[in-house]
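So you can see what is in the structure, the chains are spelled out below.
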Amino acid sequence: MSILEAIILGLVQGLTEFLPISSSGHLRVASALFGWPDPGAAFTAVSQLGTELAVVIYFRKRIWTIISTWFRALVNKDLRRDINARMGWYVILGTIPIAVLGLLLEDQIDSVFRDLRLIALTLIIFGVILGMTDRYTRKHRELTDLNVQRGITFGFFQALALIPGVSRSGGTITGGMLLGFKRKDAAEYSFLLAIPAVFASGLYKLTDIGGGEYAGVLATIIGTVVAGVVGFAVIAWLMRFISTHSFMPFVYYRVGLGILVLTLVSFGVLEPHGGAASENPKKEVVAEEQAPEPSADPTPEPSPSPSPSASVDPETGWPVDPETGLARDPETGQHKDPVTGELVQIDPNSGLPIDPYTGQPYDPKVVHGQQEGRQGTAQEGQPAPAG
């Protein structure tokens, strides 16, 4: 992932995390629209650490009051009925559903749930549910009306955000309004409830950054910082906005975006599991189509047992794209340079891979050939060992 991608995706994360329009869904859709590979569930989870740090800073006084009162109430029975002490328990209990389901559905979250068609449908369906809830429910309760049952119910609505396109804030706020809470109170509890879940998820996925993930360490750090700065400004704006406005603008936006994504996927502009549909998916079977031509020599010399097909990368097992010479993941369409071990994008104009560090196209055959030539020359110039 290039630095430019990290900055843009950080902006998307910061702008959408607290709005009821799904930040994880937007990261996935934005990458596809730009023709970039899926940034991955790990980048999504870790970049949310930045936006959640913005929550901690914005609500720092309220959070400190809740934590300090909760701890003091452990030994002081008179404080146990205080709303701040109870709020500590409600946040803990409300986090259980998303923690349990997140671990149980981890494989689906990293794969099936990132299908663009599913994201588009959840944007539309839960957008309509948000709009109907906002328009037709009686919103009269405040945070002082929270109890154990309502706190856990909030938690189950938050767990819906494991599916990109639902929206953590949108799902939780919808649940809060269904329970009769005012918009601002439902939003505030939504942000507070997300703190332990987001920090736990981000730290858990932190070890997945780098390695086989498309997003490297530096890109993830930059994206996280950008998301945090932008997210702080969005929180301040949203809390003022919902005090006097409904969520209907976000509903219209969700439905419109969902229809757009479904249309682009239907017409083949976007691949449901990858980025832009600019590459030929039939390349996946090129290894099967390429068969050696029979030799014209009537008496060929016996040859040793054939080695594994040269059209398959021995490390990943992926087919080798004959046009680029790089291994290509048949599921996501991502390319991997076997020499550097980096996942790379393909420049649509030149058809060459793009160096993730410089952002410039390069010919792997020429570059790697030069590297091997330099290594060979260096080895020839070394003095022979004394014997």
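Residues numbered from 1 in each chain as written. Predicted model: local features only at pLDDT ≥ 70, side-chain atom pairs only at ≥ 80, totals over all residues. Heavy atoms only, no water.

*Asks:* When you look at the pairing of strand S4 (residues 343-346) in this model, what are you seeing that I'm missing?
*Replies:* On a regular strand, one side chain projects to one face of the sheet and the next to the other, so that they alternate. When strand S3 (residues 335-336) meets S4, the two strands line up antiparallel, connected through 2 bridges. Across the sheet, the residue bridging to Lys336 is Leu343, located in S4. Where S3 folds back onto S4 in an antiparallel hairpin, the turn is made up of 6 residues, including Gly341, whose phi is positive at roughly 75 degrees. (Pairing = 2+ DSSP bridges. Helix = DSSP H or I, 4+ residues; strand = E, 2+ residues; numbered from the N terminus.)

*Asks:* When you look at the pattern of salt bridges in this model, what are you seeing that I'm missing?
*Replies:* As a working rule, side chains carrying opposite charge can pair if their charged atoms are close by. Here the structure, examined in full by the defined rule, presents 6 salt bridges. For the salt bridge of Asp134 with Arg183, the shortest nitrogen-to-oxygen distance reads 2.7 Å. Here Asp134, found in helix H7 (residues 116-136), pairs with Arg183, found in helix H10 (residues 183-205); they are 49 residues apart in sequence, far enough to count as distant. Classification of Asp134 as buried rests on a relative accessible area of 4%. Since its relative accessible area comes to 22%, Arg183 is described here as partly exposed. When salt bridges that share partners are traced, they join Asp134, Lys139 and Arg183 into one network. (Salt bridge = Lys/Arg side-chain N within 4 Å of Asp/Glu carboxyl O. Buried < 20%, exposed > 50% of the residue type's maximum accessible area, 1.4 Å probe, protein only.)

*Asks:* Teacher, can you tell me more about the environment of Leu4 here?
*Replies:* As for its placement among the helices and strands, Leu4 is situated in helix H1 (residues 3-16). The class for Leu4 is exposed, based on a relative accessible area of 56%. Taking the C-alpha atoms as reference points, Leu4 and Gly359, 355 residues apart in sequence, are found 8.9 Å from one another.

*Asks:* Just checking my understanding: could you explain the nonpolar core for this structure?
*Replies:* In terms of nonpolar packing, the biggest core is built from 38 residues, with Phe59, Leu146, Tyr189, Phe191 and Ile235 touching the most fellow members. Elements that contribute at least two residues to this core include exactly helix H3 (41-58), helix H4 (60-73), helix H5 (83-104), helix H9 (168-178), H10, helix H11 (217-244) and helix H12 (248-266). In contact with Phe59, other than residues within four places in its own chain, are Glu188, Phe191, Leu192, Ile235 and Met239. Ala32, Leu257, Val261 and Leu264 belong to the second largest nonpolar core, which has 11 residues in total. (Core = buried A, V, L, I, M, F, W, Y, C linked by side-chain atoms within 4.5 Å. Contact = heavy atoms within 4.5 Å.)

*Asks:* Is there a simple way to think about unusual backbone geometry in this case?
*Replies:* Leave glycine aside and you will find that most residues have negative phi; peptide bonds, for their part, are mostly trans. Not every positive phi belongs to a glycine, and Ser22 is a case in point at roughly 75 degrees. Of note, the phi angle at Ser167 is positive, near 90 degrees, even though the residue is not glycine. Looking at the secondary structure, you find Ser167 in the loop between helix H8 (148-159) and H9. Under the relative-accessibility criterion, Ser167 is labelled buried at 2%.

*Asks:* Can you walk me through the sheet that holds S3 in this structure?
*Replies:* In sheet architecture, strand pairing relies on hydrogen bonds along the backbone and comes in two forms, parallel and antiparallel. If you walk across this open sheet you meet the 5 strands as S1-S2-S3-S4-S5, and the pairing is antiparallel. Each edge of the sheet is formed by a strand with only one pairing partner; in this case those strands are strand S1 (320-321) and strand S5 (353-354). Bridge analysis of strand S2 (residues 326-328) against S3 gives 2 bridges, and the strand direction is antiparallel. Of the residues in S3, the one forming a bridge with Ala327 is Lys336.

*Asks:* I would appreciate a short explanation of the UniProt feature "transmembrane region" (unreviewed entry) in the protein chain in the present structure.
*Replies:* In the numbering used here, UniProt assigns the feature "transmembrane region" (unreviewed entry) to residues 87-104, 116-133, 186-204, 216-239 and 251-270. Here residues 87-104 is 100% helix and 0% strand, with 27 Å between the C-alpha atoms at its ends. Secondary structure over residues 251-270 splits into 80% helix and 0% strand, and the C-alpha atoms at its two ends are 23 Å apart. (UniProt positions renumbered as here; feature names shortened; annotations may be inferred.)

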